Amino acid sequence: MTQAAAGSELDERVPGRRWIVRLDPVGRGSAEVRVSCGRPACAERRLPSAAAGRTAAVAHLKAHLRAAPAPRADAYCACRADGCRAHLPDTGGRARTEQPWRCGGSVVLTVITDRAGRWWQALECCSRCAAATPGARTAAGPPPSAPPAAGRPAPAAAGTGVGRPHFSDQQVTARTGGPAPLPVPAPRPVPARRRRPPEARVGRRVIPRDLRPVSLRDELTELGDLFRAYQKRPEPDLALLADLQERKARAFLTWSDVSCDVTLRLEARRAEQAAAVIRRQHQHRTGCVPDGDGPGVARLLTVPAQWEYARSVLAHVADHTPLPGAEARLLVLMLTLRTAHTGTGNLVGQDVNALGLTDPEDLVERLTGCGWLSLPGTVGDLLASRPENPTPVTVPSLVPDEDGTGPFTFGKKTRPKLSGWAQRVVSDKKLRKAKAPAGARLLAVTLATWTDEVGRLGPGGRGVALNALTTRVPVGSGELRDLIDRLTAADWLTDAALTDTHLTGRLTERVLPLTCPLPD
């Protein structure tokens, strides 16, 4: 009889509502997050950051709670479908199967939050489940009791234990008087996490708290702080880094002697080697190379004579370019280097198309129209030619005289080295990636021949005079500033400062192998 009454009560009640608001990443490499809700009518939202996503998710959940301020009177515990064991005695699977709806206490509206802040769940569950769930917070209690609706059977007598909710792990006994309501248990508090004090570290090594002597522990702790501060520096300081590595080597040797740890001695040796390498790099960058050592930078053009030849070609092109503008100057420079020895050379379409010219075909036609350049076919044939079928070109002004003399004094072995050097500069990877215009590439070639040993612009690092610079790079002052910004963004130029008379700065370490230093 009791089981039949319990089954009838379950049929008349509805399962508790439950929905979850989730915060998920959109995809790898993106800071955006996706906020989704388990309610069918709620649309998905995308937010630019995790903080904005959490704010939106909490606001969305609060809106649902305001719309449903209290649990329904005819609802039973939402965790019934999950086979919740928190509110049933451990009597085996048969008892849970027969009476899974016997929850403890009245139904309340509860909010459960993930500790990591990735999801928020609201559900109608019994007080027993809410109390047994760590971190669960009750958003609303049960509604006030109402008289039974017409046509719905009145609740059974108190002695049957069916008409009212009760804890399933407590026995219900029949009483002559009305039973007193059972108290709702208080929620179990979330266990507090014990936070350990932070451990002192140097690199990946944990410094023991009982390390003696205390001066060694203080030195290791200070070294760890200094290394971490160095990693946050906007610019490297190789001299400072070498000093830190030397201090680390000495401290780790002492630590190894105290603790008898061989690995510490090996790490001290690696720190000594790193300090020596970093110190040498600093000497090469500043030009303070010890006597007897070779050059600090392995340059593409290796001898000062080749550097002077490169400057002579740039000076010749500045005086003999038949057309105005930086684009014409750059194309004439590359064609001059390709045909400098005999006045003739081979060219393919990629050689012209890779210079960042606005209209390569029109520029080549203008050079052939004025007689400076001669082609065996059309300009279209030149631009379409490939390495397996290059186009022979001729620059009549570079053809040697009857006595074999020409405008340049270098030989046929030096010409391809100069041409390869210029090609490396104008086709630099970062310039190509930034789609630098022809003016920026011409400025890069020019500045590469006006540096000292460590890359500072001008003789002795005093800068390049603007009147000389605009002679080599024919652009206005406004366009020159834009070209300087482009070279700075492409990691070609750093510390650039443009005044009314000079351009100061230095070329980055990345492009030092392409420089042609000025004589002392």
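Parameters at a glance
Residues numbered from 1 in each chain as written. Predicted model: local features only at pLDDT ≥ 70, side-chain atom pairs only at ≥ 80, totals over all residues. Heavy atoms only, no water. Axes fitted to C-alpha atoms, helices over the stretch in contact; angles between N-to-C directions. Helix = DSSP H or I, 4+ residues; strand = E, 2+ residues; numbered from the N terminus. Parallel < 35°, antiparallel > 145°, perpendicular 65-115°, else oblique. Left-handed = near helix turned anticlockwise from the far one by under 90°. Contact = heavy atoms within 4.5 Å. Nonpolar A, V, L, I, M, F, W, Y, C, P; charged D, E, K, R; others polar. Pairing = 2+ DSSP bridges. pLDDT = per-residue confidence, 0-100. Buried < 20%, exposed > 50% of the residue type's maximum accessible area, 1.4 Å probe, protein only. Arc of directions from axis to C-beta. Salt bridge = Lys/Arg side-chain N within 4 Å of Asp/Glu carboxyl O.

**Student:** Which residues make up the packing of helix α8 (residues 304-320) against helix α9 (residues 326-339), and what values do they have?
**Tutor:** Where α8 contacts α9, the axes come no closer than 10 Å and their chain directions differ by 130 degrees. Classified by the angle their axes make, α8 and α9 are oblique. The handedness of the crossing between α8 and α9 comes out as right-handed. Between α8, through Val313, Leu314, His316, Val317 and Ala318, and α9, the contact on the second element is made entirely by Arg329, Val332, Leu333, Thr336 and Leu337. A breakdown of the residues in the contact of α8 with α9 according to their chemical character gives seven nonpolar, two polar and one charged.

**Student:** Describe the environment of aspartate 74, naming the residues involved and giving the relevant values.
**Tutor:** Of note, aspartate 74 is situated in the loop between α2 (50-67) and β5 (75-76). Residues aspartate 74 and proline 15, 59 residues apart in the sequence, show an inter-C-alpha distance of 8.6 Å.

**Student:** Go over the sheet that holds strand β15 (residues 502-507), please, and point to the residues and values.
**Tutor:** Paired through their backbone hydrogen bonds, the strands of a sheet run either parallel or antiparallel. Sheet architecture is open: three strands sit in the order β13-β15-β14, paired in antiparallel fashion. Here the strands that pair on one side only, and so sit at the sheet edges, are β13 (464-465) and β14 (493-498). In this structure, β14 lies alongside β15, joined through four bridges in antiparallel fashion. From the neighbouring strand, alanine 497 faces β15, where its bridge partner is threonine 504. Sheet strands touched by helix α17 (residues 477-489): β14 and β15. Its angle to β14, the strand with the most contacts, is close to 160 degrees.

**Student:** Can you tell me about the confidence of the model for the protein chain, naming the residues and giving the values?
**Tutor:** Residues at a pLDDT of 70 or more form 79% of the protein chain, whose mean pLDDT is 80. Averaged over each element, pLDDT in the protein chain is lowest for helix α3 (residues 93-98) (45) and highest for helix α15 (residues 438-448) (94). Taken together, the stretch residues 1-10 has pLDDT below 50 and engages in ten contacts with residues farther than four places along the chain or on a different chain. Within the model, the stretch residues 92-101 combines pLDDT values under 50 with ten contacts to residues more than four positions away or in other chains.

**Student:** Break down helix α11 (residues 360-369) for me, citing the residues and quoting the values.
**Tutor:** For α11, the complete set of buried residues consists of Pro360, Leu363, Val364 and Leu367. All buried residues of α11 fall inside an arc of 95 degrees around its axis, so they share one side. Looking at the buried residues of α11, the elements they touch are α9, α10 (349-353) and α12 (379-384). At the exit of α11 stands glycine 371, carrying a positive phi of roughly 90 degrees.

**Student:** How would you summarise the pattern of salt bridges if you had to cite specific residues and measurements?
**Tutor:** For side chains bearing opposite charge, pairing can occur when the charged atoms are close. According to the stated counting rule, one finds 24 salt bridges in the structure shown. The partner of aspartate 428 in a salt bridge is arginine 510, with the nearest N and O atoms 2.9 Å apart. Placement of the pair is aspartate 428 in the loop between α13 (414-426) and α14 (429-433) and arginine 510 in the segment after β15, with a sequence separation of 82 residues. As a salt-bridge pair, arginine 510 and aspartate 491 come within 3.5 Å of each other at their nearest N and O atoms. Of this pair, arginine 510 sits in the segment after β15 while aspartate 491 sits in the loop between α17 and β14, placing them 19 residues apart in sequence. Under the relative-accessibility criterion, arginine 510 is labelled partly exposed at 31%. Residue classification places aspartate 491 among the partly exposed residues on the basis of a relative accessible area of 30%.

**Student:** Quick rundown of the sheet that holds strand β4 (residues 45-47)? Include the residues and the values.
**Tutor:** The strand order across the open sheet formed by six strands is β4-β3-β2-β7-β6-β8, and the pairing between neighbours is antiparallel. This sheet does not close on itself; its edge strands, each paired only once, are β4 and β8 (137-140). Within this sheet the neighbouring strands show an average axis-to-axis angle of 25 degrees, counted without direction. Sheet topology places strand β3 (residues 33-37) next to β4; three bridges connect them, and they run antiparallel. Across the sheet, arginine 34 pairs through a bridge with arginine 46, a residue of β4. Across the face of the sheet, α2 comes into contact with β2 (18-25), β3, β4, β6 (107-113), β7 (119-126) and β8 while running at roughly 170 degrees to β2.

**Student:** So what about the packing of α9 against α11? Which residues, and what values?
**Tutor:** Orientation of α9 relative to α11, taken along the N-to-C sense of each, is 70 degrees, at an axis distance of 11 Å. In terms of orientation, α9 and α11 fall into the roughly perpendicular class. Relative to α11, the crossing made by α9 is right-handed. Facing Glu327, Ala328, Leu331, Val332 and Leu335 of α9, the residues of α11 in contact are Leu363, Val364 and Leu367. Classifying every residue of the contact of α9 with α11 by side-chain character gives seven nonpolar, no polar and one charged.

**Student:** Give a detailed account of the side chain of glutamine 121, specifying residues and quantitative values.
**Tutor:** Among the secondary structure elements, glutamine 121 is positioned in strand β7. The contacts of glutamine 121, once residues within four sequence positions are left out, are Arg18, Trp19, Ile20, Thr110, Val111 and Ile112.

**Student:** Could you give an account of the environment of aspartate 495, with specific residues and numbers?
**Tutor:** Position of aspartate 495 among the secondary structure elements: in strand β14. Its relative accessible area of 58% is what places aspartate 495 among the exposed residues. Along the backbone, aspartate 495 and arginine 506 are eleven residues apart, and their C-alpha atoms lie at a distance of 6.4 Å. Excluding anything up to four places from it in sequence, aspartate 495 contacts Thr504, Gly505 and Arg506.

**Student:** Can you explain unusual backbone geometry? Please cite residues and give values.
**Tutor:** Residue proline 213 is bonded to the preceding arginine 212 through a cis peptide linkage, with omega at 5 degrees. In this fold, proline 213 is placed in the loop between β10 (205-206) and α5 (214-231). In this structure, aspartate 491 takes a positive phi of about 60 degrees despite not being glycine. In this model, aspartate 495 sits at a positive phi of 55 degrees, which is unusual for a non-glycine residue.

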